[in-house]
Amino acid sequence: MSFTLQPGETLGIAGESGSGKSSVARALVQLTRPTGGTVSLGGAPVTNLKGQRLKRFRRRMQMVYQDPYDSLDPRMSVSDAIGEALSVRGLPKTEHAAQVAQLLERVKLPATIAQRHPNQLSGGQRQRVSIARALAVNPEIIICDEAVAALDVSIRAQVLNLLKDIQHDTGVGYLFISHDLSTLRFMADHVAIMYVGRIVEYGTSEEVFSNPQHPYTRALIAAVPSVTRRGERRLKLSGEPPDPGNPPSGCPFHPRCPEAVETCRTERPELLTIGDAQKVACHVVQWGREKTPKTEVTA
Amino acid sequence: MPTDHVELALLNDAVVVVDNLSVAFPSRSGSGEVIRSISFSVKAGQRVGLVGESGSGKSLTARAIMQLIPAPGKISAGEIHVGDDLTLATVASAKKWRGTSVAMITQDPLSSLNPLVRIGVQICEMLRHHRNASRADARRRAVELLNAVGIPNPKRTMRQFPSVLSGGMRQRVALAIAISCNPRLLIADEPTTALDVTIQAQVLDLLEKMSQEHNSAVLLISHDLGVVANFCEEILVMYSGKIVESGPTQDILDGPLHPYTRALLTSVPSMTEELPARLSSIAGSPPAGGVDVVGCAFAPRCSLAQAICSEINPELRQLDDPFHDVACHAAGDALWPSVRSQ
């Protein structure tokens, strides 16, 4: 798979469990080595970095995870946790307190929280602390891997607004990974829909959500329970996503696809451009665009 | 002795009546009330949704009905009646109706299925124990049940252990066990929270089909208003251990009366409508459970709060619609800017 992220932009990655969303994140920050392909940041390749250069690179790309309980050391106070990141940036200890206060203000937490430990914070506060910690090294990109999934809706809205404000002020780019399409619709400029390790549809948020092309994207959007679309008849998918270690032949979606034809079983569709930025990996959609009814031949 | 309330509910075909229920986890620092005097009933075949954030007491309500409150928690006031005859629910009587006339499925079936026992055995166990079925009958019925919940190869699944199944399949098995004795009430506590959306849609469809076929009432507990809105005929909104609004789904979606309900509706980004630059959010976070609250528990986060809100606890009351209740001083009050028009 290939994609680019512009400065100050948010790319949303959606997909079900096992679609490879989190593996993308881990490969980007070089926590897992990609088996092929390259990752570049600011034009320079960052794959296969080692030692000091890898450390320097990781300062430029930060991650915020779903559960800050896993990423915050329970024995470290908030100011120590953020201070650790400040040390990585090379800031002398004497300036830490002032910076910590500034970062806490940035994520709209009271300064009094600095001496507390993670277990004394609410879920929303913990997630704000991990955002502050990520911001401490002035990254160019923050990867948010299901960063709001564990939060209650009223708290989630606060954190999403905060992330948008931070992006507006600092120009940080987000790679926003989520299974929640309504959150992505709000956050992302561009969206990539993943299925079993591949992007099946890509485009601007507007294109993908108001004019989804891939049958999987359409089913995924239709499956989101929404208060504004109550009682609508929905396109429903049967079956479950395949084992990512042993994907089906041809188009990996064909066993669940209501529109699959013979070719889908044997040939994997390429991700091809069909609109301004919109790309789709689906034989049926691509044939429809060419207006040559190949479907009749293969049906 | 059945109270008037319960007699009335019997006439109304209710299968569960929760009457002034309070649940407390007593501690040195206070009464520890986490559910504060809630009342509701669910009629046969009806689908009711209980919505709230974490700590609102929604799951504890389910456990209270099942008589499964973990110690040192206890039902500190009120009564629960279950089944067609609305028997008083007690820890002792629960042995007779738990699993038969009232069944429950939870968010993670891994915690309710025994990991060391084959699935077939776990289903047959229910039928043999509660229905006195013979071995052969139980097996036959188990295959039927697994078929009904859409397990592709029931005979193979019978021999498998829960750990080899996907989350969606496990939830189907849990549902098969729950409906095995034709429950009058099925409590579904966040049944689809751990599932992907396409699987969630399948499981909710199945739940609806099962409840219709068996005329079972469903109490669906969820933090997701979208799920509840699409599944339930009635909604109860809980906040900090109290029901703050209740009524038919359409009424609540069209004209939410409580500021909390309104905020819940607007803090989720829409999938279809134009999006605002910022989401409307509720400032602050819900109060910690078990802390004694004076006045309305939502007042510290409420943009409409007045002096009275932090002094007097608003009771659940009706405005002009006899089926739509709200616990808010501001709702429908001419002194406040109209809550509905906002």
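Every value quoted in this text rests on a predicted model; they were computed, and no experiment measured them.

Q: Just checking my understanding: could you explain the packing of helix 4 (residues 78-88) of chain A against helix 6 (residues 123-135) of chain A for this structure?
A: For any two helices packed against each other, one specifies the inter-axial angle together with the distance between the axes. Residue and element names in this part refer to chain A. Where helix 4 meets helix 6, the closest approach of the two axes is 8 Å, and the angle between their N-to-C directions is 25°. As judged from the angle between their axes, helix 4 and helix 6 are roughly parallel. Crossing hand, helix 4 versus helix 6: right-handed. Between helix 4, through V78, A81, I82 and A85, and helix 6, the contact on the second element is made entirely by V129, A132 and R133.

Q: Would you mind showing me how to read the sheet that holds strand 5 (residues 87-88) of chain B here?
A: Strand pairing in a sheet is mediated by backbone hydrogen bonds. Such pairs are either parallel or antiparallel. All names here are of chain B. Across the sheet, four strands lie side by side as 2-1-4-5; this open sheet has antiparallel pairing. The strands lining the two open edges of the sheet, one partner per strand, are strand 2 (33-43) and strand 5. Where strand 1 (residues 14-24) meets strand 4 (residues 74-82), seven bridges bridge the pair, whose relative direction is antiparallel. Following the sheet pairing, V23 is matched in strand 4 by I75.

Q: Help me understand the interface of chain A and chain B, please; the structure alone is not making it clear to me.
A: Accessible area lost on assembly of the parts is the figure often given for the size of an interface. Taken together, the contact between chain A and chain B spans 34 residues of the former and 35 residues of the latter. At the level of secondary structure, the elements contributing two or more residues to the side of chain A that touches chain B comprise helix 7 (153-170), helix 8 (181-187) and helix 10 (215-223) of chain A. Looking at which element gives the most residues to the side of chain A that touches chain B, the answer is helix 7 of chain A, with eight residues. Residue composition of the side of chain A that touches chain B, grouped by class: 14 nonpolar, eleven polar and nine charged.

Q: Looking at this structure, I do not really get helix 7 (residues 167-179) of chain B. What am I missing?
A: Note that an α-helix has 3.6 residues per turn; residues three or four places apart therefore point the same way. Residue and element names in this part refer to chain B. Counted at 1.5 Å a residue, the expected span for helix 7 with its 13 residues is 18 Å, and the 18 Å between its end C-alpha atoms agrees. Most of helix 7 sits out of view: twelve of its 13 residues are buried. As for helix 7, its buried residues are in contact with strand 6 (102-105), helix 4 (119-131), helix 5 (135-148), strand 7 (185-189) and helix 8 (197-214).

Q: Teacher, can you tell me more about the domain arrangement of chain A here?
A: Residue and element names in this part refer to chain A. Looking at the assigned domains, one finds that chain A contains domain 1 (10-188) and domain 2 (203-298). Between the C-alpha centres of domain 1 and domain 2 the distance comes to 32 Å. Between domain 1 and domain 2, the residue contacts involve eight residues of the former and seven residues of the latter. Classifying every residue of the side of domain 1 that touches domain 2 gives two nonpolar, four polar and two charged.

Q: Sorry, what's going on with the sheet that holds strand 12 (residues 325-326) of chain B here?
A: Taken together, eight strands build an open sheet; the order of strands is 6-7-8-3-9-10-12-11 (chain B) and the sheet is mixed. One side of each edge strand has no neighbouring strand; the edge strands of this open sheet are strand 6 and strand 11 (317-318) of chain B.

Q: Mind showing me how you'd approach the pairing of strand 9 (residues 234-239) of chain B here?
A: Within a regular strand, side chains alternate between the sheet's two faces. All names here are of chain B. Taken across its six residues, strand 9 has six buried, putting it largely inside the fold. What you see with strand 9 is no split at all: E234, L236 and M238 on one side and I235, V237 and Y239 on the other are buried throughout. Pairing between strand 3 (residues 47-51) and strand 9: four bridges, direction parallel. In the strand pairing of strand 9, G49 is matched with I235. Both strand 9 and strand 10 (residues 242-248) contribute to a ladder of six bridges, which runs antiparallel. The residue of strand 10 that forms the bridge with I235 is G247. The loop that links strand 9 with its antiparallel partner strand 10 comprises two residues; one of these, S240, has a positive phi angle of about 50°.

Q: Looking at this structure, I do not really get the packing of helix 7 of chain B against helix 8 of chain B. What am I missing?
A: Residues and elements named next belong to chain B. Taken N-terminus to C-terminus, the directions of helix 7 and helix 8 make an angle of 10°; their axes are 10 Å apart at the nearest point. With respect to their mutual orientation, helix 7 and helix 8 come out roughly parallel. Seen from helix 7, the contacting residues are G168, Q171, R172, L175 and I179; seen from helix 8, they are I199, Q202, V203, L206, L207, M210 and H214. Class assignment for the residues of the contact of helix 7 with helix 8 results in seven nonpolar, four polar and one charged.

Q: Looking at this model, I keep getting lost on the pairing of strand 1 (residues 10-14) of chain A. Mind explaining?
A: All names here are of chain A. With five of five residues buried, strand 1 is to be regarded as a mostly interior element. Every second residue of strand 1 is oriented toward a common face, with T10, G12 and A14 on one face and L11 and I13 on the other, all of them buried. As defined by bridge partners, strand 1 adjoins strand 6 (residues 173-178) across five bridges and the pair is classed as parallel. Considered in strand 6, the bridge of T10 is made with Y174.

Q: Mind showing me how you'd approach helix 5 of chain B here?
A: All names here are of chain B. Along its 14 residues, helix 5 runs 20 Å from first to last C-alpha, staying within 8% of the 20 Å computed at 1.5 Å per residue. Buried within helix 5 we find A138, A142, L145 and L146. Along the long axis of helix 5, the arc covered by the buried residues comes to 95°, so they all point the same way. Among the structural elements, helix 4, helix 6 (154-159) and helix 7 are those in contact with the buried residues of helix 5. Phi for G150, located one or two positions after helix 5, is positive at around 80°.

Quick notes on the rules
- Residues numbered from 1 in each chain as written.
- Chains lettered and ligands numbered in written order.
- Predicted model: local features only at pLDDT ≥ 70, side-chain atom pairs only at ≥ 80, totals over all residues.
- Axes fitted to C-alpha atoms, helices over the stretch in contact; angles between N-to-C directions.
- Helix = DSSP H or I, 4+ residues; strand = E, 2+ residues; numbered from the N terminus.
- Parallel < 35°, antiparallel > 145°, perpendicular 65-115°, else oblique.
- Left-handed = near helix turned anticlockwise from the far one by under 90°.
- Contact = placed C-beta atoms within 7 Å.
- Pairing = 2+ DSSP bridges.
- Nonpolar A, V, L, I, M, F, W, Y, C, P; charged D, E, K, R; others polar.
- Expected span 1.5 Å × (residues − 1).
- Buried ≥ 20, exposed ≤ 12 C-beta atoms within 10 Å, placed from the backbone.
- Domains from an automatic or database assignment.
- Arc of directions from axis to C-beta.

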